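Coordinate inspection notes
What follows is each chain in one-letter form.
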Amino acid sequence: MEVERRRRRRTIGDRDCSCASTTMSSSHLCPLAFSLLFLLLSCCGEMIGASASNYTTLRLARIQRHLERINKPAAKTIQSPDGDIIDCVPRHKQPALDHPLLSDHKIQAKVRGREGPRNYSASDAARRAWQAWHHVGHCPRGTVPIRRSSVDDVLRAKSLFHFGKKQMRVPLARKVDAPDVVSGNGHEHAIAYTVNNQEVYGAKATMNVWDPSVQAENDPELYGDSRPRLFTYWTSDAYRATGCYNLLCAGFIQTNNRIAIGAAISPVSSPGSGQYDITILVWKDPKLGNWWMSFGDSMLVGYWPAELFTHLSDRATMVEWGGEVVNMRPNGEHTSTQMGSGRFAGSGFGKASYFRNLEVVDADNSLVSAQAIATLAENTKCYDIRSFSNADWGAYFYFGGPGNNPQCP
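These figures come from a predicted structure and were not determined experimentally.

Conventions and cut-offs
- Residues numbered from 1 in each chain as written.
- Predicted model: local features only at pLDDT ≥ 70, side-chain atom pairs only at ≥ 80, totals over all residues.
- Heavy atoms only, no water.
- Phe/Tyr/Trp six-rings, centres within 6.5 Å; stacked < 30°, edge-to-face > 60°.
- Helix = DSSP H or I, 4+ residues; strand = E, 2+ residues; numbered from the N terminus.
- Buried < 20%, exposed > 50% of the residue type's maximum accessible area, 1.4 Å probe, protein only.
- Pairing = 2+ DSSP bridges.
- Axes fitted to C-alpha atoms, helices over the stretch in contact; angles between N-to-C directions.
- Salt bridge = Lys/Arg side-chain N within 4 Å of Asp/Glu carboxyl O.
- pLDDT = per-residue confidence, 0-100.
- Contact = heavy atoms within 4.5 Å.

Topic: the packing of aromatic side chains
Across all of its chains, the model carries 18 aromatic pairs by this definition. Relative to Trp-304, the ring of Phe-252 lies with its centre 4.8 Å away and its plane at 70°, an arrangement referred to as edge-to-face. Of this pair, Phe-252 sits in the loop between β10 (244–245) and β11 (253–254) while Trp-304 sits in strand β15 (residues 299–304), placing them 52 residues apart in sequence. Judged by its relative accessible area of 1%, Phe-252 is buried. Residue Trp-304 is classed as buried on the basis of its relative accessible area, which comes to 0%. Judged by centre distance (6.5 Å) and plane angle (90°), the rings of Tyr-354 and Tyr-398 are edge-to-face.

Regarding the sheet that holds strand β6 (residues 143–147)
Taken in spatial order, the 3 strands line up as β3-β4-β6 in an open sheet, and their pairing is antiparallel. Here the strands that pair on one side only, and so sit at the sheet edges, are β3 (76–79) and β6. The mean angle between the axes of side-by-side strands here comes to 25°, regardless of whether they run parallel or antiparallel. Bridging between strand β4 (residues 85–90) and β6 involves 5 bridges; their strand directions are antiparallel. Across the sheet, residue Pro-90 finds its bridge partner in β6, namely Thr-143.

Thoughts on the environment of His-189
With respect to the helices, strands and loops of the structure, His-189 is situated in strand β7 (residues 187–194). Sequence separation of His-189 and Asp-384 is 195 residues, and the distance between their C-alpha atoms is 8.3 Å.

What about the pattern of salt bridges?
Per the counting criterion, the structure on display carries 12 salt bridges. With a closest N to O distance of 2.8 Å, Arg-229 and Asp-225 form a salt bridge. The exposure class of Arg-229 is buried, given its relative accessible area of 2%. Three or more residues joined by partner-sharing salt bridges are found here, namely Asp-84, Arg-147, Asp-153, Arg-156, Asp-225, Arg-227 and Arg-229.

Here's the deal with the confidence of the model for the protein
Here the protein shows a mean pLDDT of 82. Residues at 70 or above account for 78%. Under a pLDDT of 50 for its full length, residues 122–126 has, in the predicted model, 9 contacts with residues more than four places off or in other chains.

Structure (structure tokens):
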């Protein structure tokens, strides 16, 4: 779980992107983040805390009005054991439909003809991660679960304008077949990516879920904690003005009443013990052009409407899977924020984090094993990656690392 014709990416200009969880170029579908884990499709283009007492009554009033717009009236409310509040909002009243381009949009309940591309079946891992709020309730049919935003959530952002958005980065020149990531500016990666400028209409992977340690100065401003969460992101102009995380602005249309985008994932893996993973698929509906996201066993979560995009209305040219960490060098040292499990790729199964069964959707709307995979890690003393292939896991890789260590000062 943040698809486009290509030039650049997060730093990208003039590109459309979708990120899903689950953080996939002609595509940007970013699936998910556990420090940040992402699957990104592309073809285009840190923490401030505060308390309510620091703000004027006028500013708090503006924040409250904004929250009233995005926190839609709920048919049912669920208090999750991890502290989140989940509102079950009638499907036809969800935030996405506030977008001016979607004023006459008819919600697509399912993909015509099938629930995904040809050859799609969920992988047979022994254990599946789910979401914590399921322990105490479920949303009724006809509603969608939405994590409620609070005043404190907004106050952790730089401003009301920045709430729920990524910062635009200055575009960097790169080679056509180079991975669509922004190195520098404190961002470090360990990723696998497709090469040869392929035509891509979707991507899939099963990713290992961990709860990495995050250095205090880097705690995520969006949620106020470092729990692993399923999230999405979209933008149609390289993060300049459009797009947001999850459902914090009009855009992504949710159709499922069991998955709360932005909610914590549970349980998580532990070294030498139970390993939990989730499967994310993002692909383009060949009939209507919407970009759908599914979770686990072919469970449709929702879609990014075709109306949102220009470049992504066609296809993607690259897919990326892997991890990302923001390293602002607090106290002049490399951050100790972990990537993945916090172990290097050489630790292997049960210790290092993995992505397995990497697949792409081709022009025939068929899922095929990803071929010609390259890898990138800017600083292998801090985070690294090793790719492999076998009959059971197809194309896969281990990745991650501890961040600050004697070899990564």
